[in-house]
Amino acid sequence: MSGLPGSVPHRRSGRRVEVAVALDLSGAGRATAEAVRFLRECQGLGLAVSWRATGTPPYDPGMLGHLPPPAELPGAADVLASWRAGHAHGVLYHRRGPDFVAVLDRRERGTAVRLTLDHPALHATFLRLLEPTPVAALDAAGREALGLLTAERLVLSSGGWAVTLPPRIRQWPVPCTAI
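Given the structure is predicted, the values throughout are model-derived calculations rather than measurements.

Procedures and definitions
Residues numbered from 1 in each chain as written. Predicted model: local features only at pLDDT ≥ 70, side-chain atom pairs only at ≥ 80, totals over all residues. Heavy atoms only, no water. Helix = DSSP H or I, 4+ residues; strand = E, 2+ residues; numbered from the N terminus. Rg over C-alpha atoms; globule rule 2.2 N^0.38 Å. Contact = heavy atoms within 4.5 Å. Areas by Shrake-Rupley, 256 points an atom, 1.4 Å probe, with all protein chains shown as cover. Pairing = 2+ DSSP bridges. Axes fitted to C-alpha atoms, helices over the stretch in contact; angles between N-to-C directions.

Draft legend 1. Expanded view of the overall build of the chain. Looking only at helices and strands, the chain has four helices and eleven strands in total. Rg of the C-alpha trace for the chain: 15 Å, near the compact-globule value of 16 Å for 179 residues, within the 12% margin. Contacts in the chain between residues at least 24 apart in sequence constitute 58% of all its contacts with a sequence separation of at least 6. In the form shown here, the chain has an accessible surface area of approximately 8,900 Å², with 53% of it arising from carbon and sulfur atoms.

If you want it as structure tokens, here you go:
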């Protein structure tokens with residue numbers, strides 16, 4: 001058992017993960033949400049991931065810059081180069097407290113945004129979307145929260161599915177002060 005979601009075929013060897021299939025970033029549905037969740041969990045565990053992408057993102061690919069970049073991103077060499085240049089561990093992550101989630105977002109160079117999600121609907125929706133969820137399964141308060149979380153670029157909502165982007169960092173590099 002690798003401790004990672006089983007929805008993506010992979011092989012884990014120590015601190016490295018090799019994904020057996022190309023991950024769909026097209027935003028067309030559940031496959032993209034599952035791919036993002038898998039990469040988010042790898043990032044949270046501090047694992048090095050070797051993977052290939054397929055599909056052209058209809059959303060801003062910069063939203064995924066905190067995740068490990070793919071080895072290949074067909075038809076988007078400039079996006080891949082930017083992703084590789086901007087990727088660093090701990091650029092976007094969340095911490096949990098009693099009835100709140102704290103998020104640190106440093107995906108944009110030269111900025112550090114700290115958000116505290118303590119409104120019950122925002123908090124509940126953020127946590128629910130840690131698992132890829134069909135947008136249609138959300139109630140009215142959940143859809144409103146989804147709109148706010150998407151506007152803050154904390155959730156990827158595409159193809160009728162939504163998934164939380166910031167990982168919960170469980171393994172920091174040593175020394176963690178290097179971040």
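Draft legend 2. Looking closely at the sheet that holds strand β11 (residues 161–164). If you walk across this open sheet you meet the three strands as β9-β11-β10, and the pairing is antiparallel. Single-partner strands in this sheet number two, and they are β9 (133–134) and β10 (155–158). Bridging between β10 and β11 involves four bridges; their strand directions are antiparallel. For V155, the partnering residue across the bridge sits in β11 and is T164. The sheet strands contacting helix α1 (residues 30–44) are β10 and β11, and the helix crosses β11 at an angle near 5 degrees. With respect to the sheet, helix α4 (residues 140–151) is in contact with β10 and β11, its orientation differing from that of β10 by roughly 110 degrees.

Draft legend 3. Expanded view of the sheet that holds strand β4 (residues 48–50). Sheet architecture is open: three strands sit in the order β1-β2-β4, paired in mixed fashion. Single-partner strands in this sheet number two, and they are β1 (10–13) and β4. In this sheet, adjacent strand axes meet at a mean angle of 20 degrees when their direction is disregarded. Where β1 lies against strand β2 (residues 16–19), four bridges are found, and the strand directions are antiparallel. Across the sheet, the residue bridging to S13 is R16, located in β2. Lying over the sheet, α1 contacts β1, β2 and β4, oriented at roughly 165 degrees with respect to β2.

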